[in-house]
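This is what each chain is made of:
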Amino acid sequence: MRLINKLNLLIGFLVDELRDNLKIKKIAYYLVAITMFLYTVSIPAFSGRAKIYIISYVLMALFAAATLFYVFVYDKFSFQKRHLISVLFALEAFIGTAIYSHDFRRWLSIFLMVITLFVYYFAFSAINNSRFSLKIIIFSFAVFALYFVIVYRNQILHLQISNRIGDYFDNPNAVGSYFSLAFSTSTYVAVMFEKKRELLYLIPSAIFVLCGIFTGSRTFIVLIVASLSVIVFIRFRTKKWLLLIVYALLVGLFFILINLPAFATLKMRVDQMLYTLFGIGNSKIDHSSIHRVLWQRYGYYLASHNLIFGYGCEGFSIYSGIGTYSHSNFSEVLCNFGIIGFSLFYACYLVPFLYCFGGKQKDRFAVIVFVIYFLFKGFIGVSYYYKESYLIIALCMYLTKDSNYVFKPHSVSLNECCEVSI
């Protein structure tokens, strides 16, 4: 007992010494930022590569160690009850997995993602500067974009692309999603600028667009259109004529880009999708789009037969007999985790969305952009076990942590909460 008391006194003494040393505190602060940057780079660069994905885990461990050290010594572990929704989702996912699918490896991935979420949240809180945190994310994806260009330099520089690219890192659709998220973040910072020099963030936005188009991902196109539409609306919502002009210019620019010879593959894929789903144009039937629609409908059908807890992790893949996911996060989460898991997972986005209309946290309206981004992504891809989903949930939690009440239509308007001069 005396030994334990002495050890506690020694730890207390060392912590007090560290707290009084401003130089060490500054070093610890930047270690959090640097390790966050490195780990975020590793998400698109290494996570999808079978032989070297361990790099991402090592960087995650360093990021967690730096964050926990800073929070333990210089900050405090503080969060609200609403931040535990993701934990409840992981616990609920375990129930269906234990009863039905028994895919505990996938469930362990979800559990680790929830831990990652809280590491990011405490790191954002330690940095305590929303704009700086957003820029760390942007520069992380910019480094990945540079890596992407180096790997595919011949195809990109000579504009000689007959096939989709990106599979060196992951599925081209997943790589396209990384670039769409990076585009959304950098465009938000540029358009909702605090200082005019932040308009320079349109440069990485343009780079992310070009890289994303080369992946041939239709998911990428849908997501950048959705997020850009929201960002432009928030920025120019009080000037209707200017808003219409900006939308018209963006539509024109989109059609110019999509018709360039270098992007013929993506244009063909978009034409096939539109013709298959809506009968628009004159193209070939896209069997990929047909399969996606059928699998999503099958996901909802299976979900209706086990609506409370679902079939557990990879439940759709196992019980459908298809052997893959349903290509929609809505149908996948509902089928795998039932109505309870579905409600908990999307509450991770919905609660920050409601809270972003209360309080005065800077950049909290980036939450609107990210929530709409992931809602659109929910129709065309599965994201509940992807690292970037939990990164964004953590960011949304941080951006609304000082809000103390949910949005009420009669109490506040978007114009009042989100004023930006032009």
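Residues numbered from 1 in each chain as written. Predicted model: local features only at pLDDT ≥ 70, side-chain atom pairs only at ≥ 80, totals over all residues. Heavy atoms only, no water.

The subject of this paragraph is the side chain of Glu92. Inspection of the secondary structure assignment puts Glu92 in helix α4 (residues 85-101). At 14 Å, Arg106 is the nearest oppositely charged side chain to Glu92, a buried residue that forms no salt bridge. Sequence-distant contacts of Glu92, that is, excluding residues within four places in its chain, are made with Ile308, Phe309, Phe337, Ile340, Gly341 and Leu344. (Helix = DSSP H or I, 4+ residues; strand = E, 2+ residues; numbered from the N terminus. Buried < 20%, exposed > 50% of the residue type's maximum accessible area, 1.4 Å probe, protein only. Lys, Arg positive; Asp, Glu negative; His and termini not counted. Salt bridge = Lys/Arg side-chain N within 4 Å of Asp/Glu carboxyl O. Contact = heavy atoms within 4.5 Å.)

On to the packing of helix α8 (residues 172-191) against helix α10 (residues 218-236), then. Where α8 meets α10, the closest approach of the two axes is 8 Å, and the angle between their N-to-C directions is 10 degrees. By the angle between their axes, α8 is roughly parallel relative to α10. Of the two possible hands of crossing, α8 and α10 adopt the one that is right-handed. Taken together, the residues of α10 that come into contact with α8 (itself represented by Asn173, Gly176, Ser177, Phe179, Ser180, Phe183, Ser184, Thr187, Tyr188 and Val191) are Thr219, Phe220, Leu223, Ile224, Ser227, Leu228, Ile231 and Arg235. For the contact of α8 with α10, the per-class residue count stands at 9 nonpolar, 8 polar and 1 charged. (Axes fitted to C-alpha atoms, helices over the stretch in contact; angles between N-to-C directions. Parallel < 35°, antiparallel > 145°, perpendicular 65-115°, else oblique. Left-handed = near helix turned anticlockwise from the far one by under 90°. Nonpolar A, V, L, I, M, F, W, Y, C, P; charged D, E, K, R; others polar.)

Moving on, we get to helix α5 (residues 104-127). Helix length check: α5 (24 residues) gives 34 Å between terminal C-alpha atoms against 34 Å at 1.5 Å per residue, within 8%. Of the residues trailing α5, Asn128 is marked for its positive phi of about 55 degrees. (Expected span 1.5 Å × (residues − 1).)

Turning our attention to the packing of helix α2 (residues 22-46) against helix α3 (residues 54-74). The angle between the axes and the distance between the axes are what describe a pair of packed helices. Between α2 and α3, the least distance of the axes is 8 Å, while the angle of their chain directions is 155 degrees. Of the possible angle classes, the one that applies to α2 and α3 is roughly antiparallel. Crossing of α2 against α3: the hand is left-handed. Contact residues: α2 offers Ile24, Lys25, Ala28, Tyr29, Leu31, Val32, Thr35, Met36, Leu38, Tyr39, Ser42 and Phe46, while α3 offers Ile55, Ser56, Leu59, Met60, Leu62, Phe63, Ala66, Thr67, Phe69, Tyr70 and Tyr74.

If you trace the backbone, Ser227 turns up in helix α10. Separated by 143 residues in sequence, Ser227 and Phe370 place their C-alpha atoms 7.6 Å apart. Aside from chain neighbours lying at most four places away, what touches Ser227 is Phe183, Ser184, Val369 and Tyr373. Among the polar contacts made by the side chain of Ser227, one reaches the main-chain carbonyl oxygen of Ile224 at a distance of 3.4 Å. (Polar contact = N/O pair within 3.5 Å; in protein donor to acceptor, adjacent residues only side chain to side chain.)

What follows covers a nonpolar patch on the surface. Residues Tyr53, Ile54, Ile55, Tyr57, Val58, Leu62, Leu108, Phe111, Leu112 and Ile115 make up a contiguous nonpolar surface patch of about 850 Å² in total accessible area. Of all elements in the fold, only α3 and α5 reach the threshold of two or more residues within the nonpolar patch. Sort the elements by how many residues they give to the nonpolar patch and α3 lands first, with 5 residues. (Patch = residues over 30% accessible without salt bridge, like charges linked within 9 Å, V, L, I, M, F, W, Y side chains within 5 Å. Areas by Shrake-Rupley, 256 points an atom, 1.4 Å probe, with all protein chains shown as cover.)

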